[in-house]
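# Remarks on the overall topology
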Amino acid sequence: MAEKFGQQTSYPRYGGRAVNDDIGAEDKVVKSRGAFHKIRLSDYFITGGFDVPFFALTMILLAIGLVMLLSASYPTSYFENDNSYSFFIKQCLFAVVGVAAMLIASKIDYKIYRNLLKYILPATIILLVIVLFYNTGKSTNEGEVFRRYIPLFGGITFQPSEIAKFSLIITLSVYFCRFGSRANRFKEGIFFPLLIIAVFCGLIMLENHLSCVILMFLIGASVMFAGGTNKWLFWLGIIAVVAVVLVVFMFPKMMPSYIQKKLEAFTNKDFDPLGGRWQINNSLYAIGSGGLFGVGLGNSKQKYMYVSEPQNDFIFSIVCEELGFIGALTILILFILLVLRGIQISMKARDKFGSYITLGIIAQIGIQTALNILVVTDAIPNTGIALPFFSYGGTALIMLLFETGVVLSVSRKANQKKI
């Protein structure tokens, strides 16, 4: 399967000059027609049309997400901010910035990110270290502190882990462009990619952000699979990870206390109904109350201080309550269509780098959506993971829309005529 990604019969051209798929080729001086030419800044902007179905699906999901955020958030927004529209107004502003970032990113040649990796990677690592010195104000009873945000101004915060997702995708994509021919070996195909993933996951784990650690690992594994990692070694690695998960379930006391409680709440349905099970129990009540067609948009009862964080991690339970099974299924189909369209764009990319980053971004959207729904339906322990395009969060929404712009850039390049 991995061989399908990134295949090309001719090389992309910049300003009439053929450029191969080597990393940093755009930075080299290229000899053409007897003269030396340097790649200009204008060569990084792409003309032509992008993939309209992918763009349309993104905008539809964003529009539905904003409507559902308004419906799900106004009781909590009024209680916390004395303004029913506080969350919604901020999310609309984030959406405007995000759509602008998406359109700009769609015009920029995605190859520029591999040349910028030498700046993106260290900047991301520095941010992941800096955030560890900030207390977000949330902590467990045992004194464990959640350090996930860097405060900026006016109550606005910045979440470095959202940047880290994109940085990991770029880093692994560049790595497999360089060493993909040796990816069937243990050192190049397993050890070094896992080491890269471990650095990101280790820093994020220090934030006490387990859900992002899981997501980062799965995103990295997706890029490894597409990059040509030996399939036997890959599946052996997956089996090893599953074994570790089983050990954690069998011996939960080896994990931090807040994770122990989540595991206990998942395995014991009678555990602490007014505490550890409160959020998930009310989520299930909301889903069950929706029935086939829902109670109607805006008519949810569980969002009135029953479901915790209805505007964030558990917004899908309010979607199920208000829109019912039919509405929730329609949204799931839209996500599936978005992922499938993204995979098509990845397979049509003009080079391996475009294929890998597209697949990584699409894996992020698809895996994050699946994990959120599994949590909300009590199919896996509550990890506190957001639903793309729906959950409240400025950094997450802006970065997500920016990443979809990168996918559109890949599609724009693929739609150009090969010359």
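The coordinates are above.
The paragraphs below set out a description of the structure included in this document.

So, on to the overall build of the protein. What the protein contains, in helices and strands, is 13 helices and six strands. The buried share among the 419 residues of the protein stands at 50%. Restricting to contacts in the protein with at least 6 residues of sequence separation, those with at least 24 account for 73%. Surface accessibility of the protein: about 19,400 Å² in total, with carbon and sulfur atoms responsible for 67%.

Along the chain, the position of alanine 379 falls in the loop between helix H12 (352-376) and helix H13 (394-415). Considered as a pair, alanine 379 and phenylalanine 266 are 113 residues apart in the sequence and their alpha carbons are 8.5 Å apart. Once residues within four sequence positions are removed from consideration, alanine 379 is found in contact with Phe266 and Leu374.

What follows is about the packing of aromatic side chains. Across all of its chains, the model carries 13 aromatic pairs by this definition. Look at phenylalanine 94 and tyrosine 392: their rings are 6.4 Å apart centre to centre, the planes differ by 50°, and that puts the pair in the tilted class. Of this pair, phenylalanine 94 sits in helix H2 (residues 86-107) while tyrosine 392 sits in the loop between H12 and H13, and the two are 298 residues apart along the sequence. What makes phenylalanine 94 buried here is its relative accessible area of 17%. When the ring of tyrosine 175 is compared with that of phenylalanine 176, the centres are 5.3 Å apart and the planes differ by 90°; the resulting orientation is edge-to-face. The exposure classification of tyrosine 175 matches that of phenylalanine 176, with both residues buried. Clustering of aromatic rings is evident, with ring pairs tying together Phe87, Phe94 and Tyr392. Arginine 114 extends its terminal NZ or CZ atom over the ring of phenylalanine 353, reaching a point 5.6 Å from the ring centre.

The subject of this paragraph is the layout of surface pockets. Put simply, the second largest pocket is a space of about 1,100 Å³. What lines the second largest pocket is a set of 39 residues, and nearest its centre among them are Ile214, Phe217, Val241, Val244 and Val245. Secondary-structure elements contributing two or more residues to the lining of the second largest pocket are helix H6 (186-205), helix H7 (210-226), helix H8 (231-250), helix H9 (257-267) and H12. Top element by residues in the lining of the second largest pocket is H8. It accounts for 12 residues. Residue composition of the lining of the second largest pocket, by class: 33 nonpolar, five polar and one charged.

With that settled, consider unusual backbone geometry. With a phi close to 65°, aspartate 378 is a non-glycine residue in the positive phi region. Even without being glycine, phenylalanine 389 reaches a positive phi, approximately 70°.

Right, let's get into H2. Helix length check: H2 (22 residues) gives 33 Å between terminal C-alpha atoms against 32 Å at 1.5 Å per residue, within 8%. Along H2, the positions that sit buried rather than exposed are Ser86, Phe87, Gln91, Phe94, Ala95, Gly98, Val99, Met102, Ala105 and Ser106. Contacts from the buried residues of H2 go to helix H1 (52-81), helix H3 (112-115) and H13.

Judged by nonpolar contacts, the single largest core of 89 residues is most densely connected at Tyr113, Phe389, Phe390 and Val406. Among the elements that take part in this core, H12 stands out by supplying 13 residues, more than any other. For phenylalanine 390, the contacting residues outside a window of four places in its chain are Leu61, Ile64, Gly65, Met68, Leu69, Gln91, Gln311, Ile315, Val319, Ile331 and Phe335. Residues Leu210, Val248, Tyr258 and Leu263 belong to the second largest nonpolar core, which totals six residues.

Let us now look at the packing of H6 against H7. Packed helix pairs are specified by the crossing angle of their axes together with the interaxial distance, meaning the distance between the axes. Where H6 meets H7, the closest approach of the two axes is 9 Å, and the angle between their N-to-C directions is 160°. Relative to H7, the element H6 is oriented roughly antiparallel. The crossing of H6 and H7 is right-handed. Where H6 abuts H7, its residues Gly189, Ile190, Pro193, Leu194, Ile197, Phe200, Cys201, Ile204 and Met205 lie against Leu210, Cys212, Val213, Met216, Phe217, Gly220, Ala221 and Met224.

All right, on to the side chain of threonine 369 then. Here threonine 369 is to be found in helix H12. Residue classification places threonine 369 among the buried residues on the basis of a relative accessible area of 6%. Among the polar contacts listed, one links the side chain of threonine 369 to the backbone oxygen of isoleucine 365, at a separation of 2.8 Å. Among residues more than four places away in sequence, those in contact with threonine 369 are Phe335, Leu387 and Pro388.

We now examine the environment of isoleucine 367. Along the polypeptide, isoleucine 367 turns up in helix H12. Residues isoleucine 367 and isoleucine 219, 148 residues apart in the sequence, show an inter-C-alpha distance of 7.8 Å. Discounting residues that sit within four places of it in the chain, isoleucine 367 has contacts with Leu215, Leu218, Ile219 and Ser222.

So, about a nonpolar patch on the surface. Taken together, the side chains of Leu292, Phe293, Phe325, Ile326, Leu329, Ile333, Ile336, Leu337 and Leu340 present a nonpolar region at the surface, about 850 Å² in accessible area. On the secondary structure map, phenylalanine 293 appears in the loop between helix H10 (278-290) and helix H11 (315-348).

Let us look at the pattern of salt bridges. One pass over the full model with this rule turns up eight salt bridges. A salt bridge links aspartate 51 to arginine 341, with the shortest nitrogen-to-oxygen separation between them at 2.8 Å. Within this pair, whereas aspartate 51 is found in the loop between strand E4 (35-37) and H1, its partner arginine 341 is found in helix H11, the two being separated by 290 residues in sequence. Sharing partners across several salt bridges, the network here consists of Lys269, Arg277 and Asp378.

So, how was this worked out
- Residues numbered from 1 in each chain as written.
- Predicted model: local features only at pLDDT ≥ 70, side-chain atom pairs only at ≥ 80, totals over all residues.
- Heavy atoms only, no water.
- Helix = DSSP H or I, 4+ residues; strand = E, 2+ residues; numbered from the N terminus.
- Buried < 20%, exposed > 50% of the residue type's maximum accessible area, 1.4 Å probe, protein only.
- Contact = heavy atoms within 4.5 Å.
- Areas by Shrake-Rupley, 256 points an atom, 1.4 Å probe, with all protein chains shown as cover.
- Phe/Tyr/Trp six-rings, centres within 6.5 Å; stacked < 30°, edge-to-face > 60°.
- Lys NZ or Arg CZ within 6 Å of the ring centre and 35° of its normal.
- 1 Å grid on protein atoms, 1.4 Å probe; cavity = no way out; pocket = protein on both sides within 12 Å on 5 of 7 lines; lining within 4 Å.
- Points joined across faces, edges and corners; volume = space filled by probe spheres on them.
- Nonpolar A, V, L, I, M, F, W, Y, C, P; charged D, E, K, R; others polar.
- Expected span 1.5 Å × (residues − 1).
- Core = buried A, V, L, I, M, F, W, Y, C linked by side-chain atoms within 4.5 Å.
- Axes fitted to C-alpha atoms, helices over the stretch in contact; angles between N-to-C directions.
- Parallel < 35°, antiparallel > 145°, perpendicular 65-115°, else oblique.
- Left-handed = near helix turned anticlockwise from the far one by under 90°.
- Polar contact = N/O pair within 3.5 Å; in protein donor to acceptor, adjacent residues only side chain to side chain.
- Patch = residues over 30% accessible without salt bridge, like charges linked within 9 Å, V, L, I, M, F, W, Y side chains within 5 Å.
- Salt bridge = Lys/Arg side-chain N within 4 Å of Asp/Glu carboxyl O.

By themselves, these are just geometric observations and shouldn't be taken as functional.
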